[in-house]
Amino acid sequence: MELIKVHPLTMDGRDASLLRGDPMTGDRYYSREFAEREWEHMWTKIWHVAGRTAELEEAGDYLVHDFMHESVIVVRQDDGSFKAFYNTCGHRGQRLVWDNSHAGAGFHCPYHGWLWGRDGILKSAQDPEDFPGGNPCGKLKLQELRCDTWGGFIWYTMDDQAPPLLEYLEPMPELYKNYPMDTAVRVFWMKINLKTNWKFATDNFSESYHTRTAHPQVPPFIDQDVDSARHEMFPRGHGRTVQPMRPSLTDRLPDGAPQPFDDLLRQWDIDPDSYPDFETKAIQGWLDLKAAKKRLWKERGYNHYERMTDEEITDSPHTVIFPNVTISFLPDQLIFFRTEPHPDDPNLCTFDLWCMVYPVEGQTEVDSIMAGMQPLEEAELQVRDFDDGRGVPEIVDQIVYQDMLLADGQQRGIRSRGYKDTVLCNQETRVRFFHEVLNDYLEGRV
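Residue positions are given per chain, counting from 1 as you read along its sequence in written order. Only residues with pLDDT of 70 or above have their local features reported here, since the model is predicted, and side-chain atom pairs are shown and tallied only from 80 upward, although totals for entire chains, interfaces and linings are computed over all residues. Side-chain descriptors were evaluated using all non-hydrogen atoms of the structure, hydrogens and water having been removed beforehand.

## Quick word on the overall build of the protein
Okay, step 1: Working definition: helices are DSSP H or I runs of at least four residues, strands are E runs of at least two. Numbering for both runs from the N terminus. Helix and strand counts for the protein stand at eleven helices and 21 strands.
Okay, step 2: At 24 Å, the protein has a C-alpha radius of gyration in line with the 22 Å of a compact globule built from 446 residues.
Okay, step 3: A principal-axis box enclosing the C-alpha atoms of the protein has dimensions of 90 × 60 × 45 Å.
Okay, step 4: Working definition: with a 1.4 Å probe on protein chains only, accessible area under 20% of the residue-type maximum means buried, over 50% means exposed, and in between means partly exposed. Buried positions account for 54% of the 446 residues belonging to the protein. Radius of gyration: C-alpha atoms only; globule rule: 2.2 Å multiplied by the number of residues to the exponent 0.38.

## Digging into unusual backbone geometry
Okay, step 1: Cis geometry is found at the peptide bond from Glu170 to Pro171, where omega equals 5°.
Okay, step 2: Along the polypeptide, Pro171 turns up in the loop between helix H3 (165–169) and helix H4 (172–175).
Okay, step 3: Following Phe322, the chain continues into Pro323 via a peptide bond in cis, with omega recorded as 0°.
Okay, step 4: Relative to the assigned elements, Pro323 resides in the loop between strand E15 (315–321) and strand E16 (325–329).
Okay, step 5: Notably, Asp269 is not glycine yet its phi reads approximately 60°, a positive angle.
Okay, step 6: Within the element layout of this structure, Asp269 appears in the loop between helix H7 (260–267) and helix H8 (278–296).
Okay, step 7: Residue Asp269 is classed as exposed on the basis of its relative accessible area of 56%.

## Comments concerning the pattern of salt bridges
Okay, step 1: For this document, the term salt bridge refers to a Lys or Arg side-chain nitrogen within 4 Å of an Asp or Glu carboxyl oxygen. Within the structure shown, the criterion is met by 32 salt bridges.
Okay, step 2: Taking the shortest distance from any N to any O, the salt bridge between Arg212 and Asp251 comes out at 2.8 Å. In this pair, Arg212 sits in helix H6 (residues 211–214) while Asp251 sits in the loop between strand E14 (239–244) and H7, placing the two residues 39 residues apart along the sequence.
Okay, step 3: Assessed through its relative accessible area of 46%, Arg212 is described here as partly exposed.
Okay, step 4: When salt bridges that share partners are traced, they join Arg20, Asp22, Asp440 and Arg445 into one network.

## Some details on the nonpolar core
Okay, step 1: Phe351 and Leu353 are the most contacted members of the largest nonpolar core, which totals 100 residues.
Okay, step 2: Residues in contact with Phe351, not counting those within four places in the same chain, are Met190, Lys191, Ile192, Leu194, Ala201, Phe205, Phe337, Arg338, Thr339, Val400 and Met404.
Okay, step 3: By convention a nonpolar core is built from buried Ala, Val, Leu, Ile, Met, Phe, Trp, Tyr and Cys residues, the set being connected through side-chain atoms within 4.5 Å. Judged by nonpolar contacts, the second largest core, of 16 residues, contains Tyr62, Leu96, Val97 and Ala103. Should any heavy atoms of two residues lie within 4.5 Å, those residues are considered in contact.

## Looking at the packing of H7 against H8
Okay, step 1: Lines fitted to the C-alpha atoms define the axes, with helices restricted to the stretch that makes contact. Angles between their N-to-C directions range from 0 to 180 degrees. Relative to each other, H7 and H8 sit at 30°, their axes nearing to 10 Å. One element, H7, and the other, H8, form an angle in the roughly parallel class. Helix-helix and strand crossings are classified by hand; for H7 and H8 the assignment is left-handed. Between H7 and H8, the contacting residues are Phe261, Asp262, Leu264 and Leu265 on the first element and Lys281, Ala282, Gly285, Trp286 and Leu289 on the second.
Okay, step 2: A breakdown of the residues in the contact of H7 with H8 according to their chemical character gives six nonpolar, one polar and two charged. Any angle that is under 35 degrees is reported as roughly parallel, and any over 145 degrees as roughly antiparallel; angles of 65 to 115 degrees are reported as roughly perpendicular and all others as oblique. Each crossing gets its handedness from the near helix: less than a right angle anticlockwise from the far helix is left-handed, clockwise is right-handed. Put simply, Ala, Val, Leu, Ile, Met, Phe, Trp, Tyr, Cys and Pro go in the nonpolar bin, Asp, Glu, Lys and Arg in the charged bin, and everything else, Gly too, in the polar bin.

Interpretation in functional terms is not warranted from these geometric data alone.
Pasting the structure below:
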């Protein structure tokens, strides 16, 4: 096996002594004043994901990202680059566009007819000589935001003083340099309205302590035993849990029950019945799977394995990017989760679920872990209310669905007078770490 290289910025995600011990009182989940501080001191400082580069194939294609009361346009330029602008006319503030589309001549204001070019510069205006300062065309420009790409995602920031994107994401670009993320096809795309604060998801995805209770289908194919995974956190607030994609040695299926790991072994020409016992199959079978994938990937069309390490082709680094993006890096799939706050009510948020897969030669449909069988093509956006699960029948009983079932109860319980502060075990250290980095933003330490 290859030796695991630990990045120099890595901190032990189970070492609570690395934290200050800031309290996690309930008001930070429902207080309007706290939400306003988040907007002023954190949301306007970070890098946001606007969308996928694959959405903007041709010059003039644009997408719209609405965030709280703000709206941003990202448009592909003639040279293939991207520019981001606030979605407001420089004349009297009319919103320019509402939905993703294509800007032929540019962005045409529906109020007074001003036309802004794809580069943001004013191209034409009614009665251009009727302005005290002279013709504004060619002189005025839409307010631009910094924009960059990583991993096939388009990012922007509202802060001119924010660090460059790759620095902000550090060390994620280095850790995931072997994954051809820009080639991933988004086969499922849903935005779900939830009755919870946006931080529920980051808390949830920063620990796997809950999986034994909430996700009984996970242990048969991902080993989430407390000492099996690496828990890592990084100075800018990011973190991850690296878990072997093999059965748990603790939480086992009953004898005779179908074993999903057996199916995976057979897929790579390994006989699951060749092992003398369950423990050997789980551990040695996992090692044999690494070897088989390295031996057979090319002839089977798994071209994305070419640069991936032993760990990357058989394990699951579940990664949180501060403050609200989570990506599960699976050997053949990327799963993107994001929560964003409601503009006015901190008890509500939206939850984005993007299921992405790496194309494999000969495949026309894929079995997405979170959304079942899907055509291997870019999906259309679906917007739903969760409605206690009734609004999203496509993902019933999936892992993320089970998480959402807990969200309303968590939000209600945390508002109780009986809740004072959380009590965390070591494997939940990253939960408090997330809140401490958030506090650093709110207190001006970032």
